[in-house]
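The primary structure of each chain is shown beneath.
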Amino acid sequence: MGWTYLCIAGVFEVAWVIGLKYTAGFTRLLPSAFTILTLMVSFYFLSQAVKTLPMGTSYAVWTGIGAVGAVVFGMILFGESRDALRLACIGLIIAGIIGLRLVSNNG
């Protein structure tokens, strides 16, 4: 279940990072509430994941999912750059996440 919890935590991390863009510095109520709620859910599932997975691996994968998701949704929602070097770097993060899963002895 640790990896499942970690993936859920990563999805919610992407959600709160996207929400953060819409808060206007926490001056807009609904986006701010959404961001805080999804942040709390993300941390909850991360806390569940680290019960059975190594802390370092969990944190690296959690932030990796968040980074990849933030970049992808930044491209989709906010018209951020899609240049080849940027996409290659995202590929390296994905490779790192997969590598950490493959070498993990847990769950």
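The preceding data block contains the structure.
No experiment lies behind these values; they were computed from the predicted model shown.

1. Things to note about unusual backbone geometry
Across the chain, the bulk of peptide bonds are trans and the bulk of non-glycine residues have phi less than zero. You will see that A24, though not glycine, has its phi angle at about 55 degrees, which is positive. By secondary structure assignment, the location of A24 is in the loop between α1 (2-22) and α2 (29-49). Backbone geometry at F26 places phi at a positive 60 degrees, although glycine is not the residue there. With respect to the helices, strands and loops of the structure, F26 is situated in the loop between α1 and α2. Owing to a relative accessible area of 45%, F26 belongs among the partly exposed residues under this scheme.

2. Structural notes on the nonpolar core
Counting residues in hydrophobic clusters, the biggest one holds 13 residues, and the most contacted among them are L6 and V61. For this core, the secondary-structure elements that each account for two or more residues are α1, α2 and α3 (55-78). By residue number, the principal contributor to this core is α1, which donates five residues. Aside from chain neighbours lying at most four places away, what touches V61 is W3, L6, I97 and L100.

Conventions used here
- Residues numbered from 1 in each chain as written.
- Predicted model: local features only at pLDDT ≥ 70, side-chain atom pairs only at ≥ 80, totals over all residues.
- Heavy atoms only, no water.
- Helix = DSSP H or I, 4+ residues; strand = E, 2+ residues; numbered from the N terminus.
- Buried < 20%, exposed > 50% of the residue type's maximum accessible area, 1.4 Å probe, protein only.
- Core = buried A, V, L, I, M, F, W, Y, C linked by side-chain atoms within 4.5 Å.
- Contact = heavy atoms within 4.5 Å.

Purely geometric stuff here, so don't read any function into it on its own.
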